[in-house]
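Take a look at the letters that make up each chain.
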Amino acid sequence: MKGKYVVFFFLIVILGVTVNSFIHCRAEYQKSYNFKITRIRVTPTKTMVFYNDMNEEIQLWNYSIMSNEGVSIGDSISKAPCAKTLDVFRIDSMGKSRLFLRINPQELFPLSWFCD
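Residues numbered from 1 in each chain as written. Predicted model: local features only at pLDDT ≥ 70, side-chain atom pairs only at ≥ 80, totals over all residues. Heavy atoms only, no water.

Sorry, what's going on with the pattern of salt bridges here?
What the rule picks out here adds up to 4 salt bridges. Residues Arg 102 and Asp 87 are paired through a salt bridge, measuring 2.7 Å at the closest nitrogen-oxygen approach. Of this pair, Arg 102 sits in strand E7 (residues 97–103) while Asp 87 sits in strand E6 (residues 86–91), and the two are 15 residues apart along the sequence. (Salt bridge = Lys/Arg side-chain N within 4 Å of Asp/Glu carboxyl O. Helix = DSSP H or I, 4+ residues; strand = E, 2+ residues; numbered from the N terminus.)

So this is what it looks like as structure tokens:
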């Protein structure tokens, strides 16, 4: 009898994590980003959390940018709603914004589930 409760508990936890991931993935796919990085925090797993000019934390759900990828303060992040990739731009020596890094989503859930 005790085993049934343990299995039921783990099923509830797995279902909760899956639903939470689905909600976050959908929201981020449908969201647009266009901001300049003013601050960066590196998590214990070496992923980067960004802050915009209004000091809002931007923690990406579908896209992982690791601390060794060279993204720095002053770079810009851009993504259109339902876009497949997230782009990082950097100002070059001529003062022009150039694509520095293009990040594909981790795709726990496919983009086609949320966007036409």
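Help me understand the sheet that holds E6, please; the structure alone is not making it clear to me.
Paired through their backbone hydrogen bonds, the strands of a sheet run either parallel or antiparallel. Overall, antiparallel pairing links the 4 strands, which are arranged E1-E5-E6-E7 in an open sheet. The open sheet terminates on both sides in strands that have one partner only, identified here as strand E1 (33–36) and E7. This sheet shows a mean twist of 25° between the axes of neighbouring strands, independent of strand direction. Examined bridge by bridge, strand E5 (residues 76–79) and E6 share 3 bridges and lie antiparallel to one another. For Ile 77, the partnering residue across the bridge sits in E6 and is Val 88. (Pairing = 2+ DSSP bridges. Axes fitted to C-alpha atoms, helices over the stretch in contact; angles between N-to-C directions.)

For this particular structure, what's the right way to read the packing of aromatic side chains?
For any pair of aromatic rings, the description rests on two quantities: the centre-to-centre distance and the angle between the ring planes. One pass over the full model with this rule turns up 2 aromatic pairs. On the basis of an interplanar angle of 70° and a centroid distance of 5.6 Å, the ring pair of Phe 9 and Phe 10 is categorised as edge-to-face. Between Tyr 33 and Phe 35 the ring centres are 6.3 Å apart and the planes differ by 70°, which places this aromatic pair in the edge-to-face class. Comparing Tyr 33 with Phe 35 shows no difference in burial state: the two are buried. Over the ring of Tyr 51 we find Arg 39; its NZ or CZ atom is 3.8 Å from the centre of that ring. (Phe/Tyr/Trp six-rings, centres within 6.5 Å; stacked < 30°, edge-to-face > 60°. Buried < 20%, exposed > 50% of the residue type's maximum accessible area, 1.4 Å probe, protein only. Lys NZ or Arg CZ within 6 Å of the ring centre and 35° of its normal.)

Would you take a moment to explain the pairing of E7 for this structure?
Within a regular strand, side chains alternate between the sheet's two faces. Examined bridge by bridge, E6 and E7 share 6 bridges and lie antiparallel to one another. By the bridge assignment for E7, Phe 89 is matched with Leu 99. Counting the residues that bridge the hairpin from E6 to E7 gives 5 residues, and of these Gly 95 lies at a positive phi of roughly 85°.

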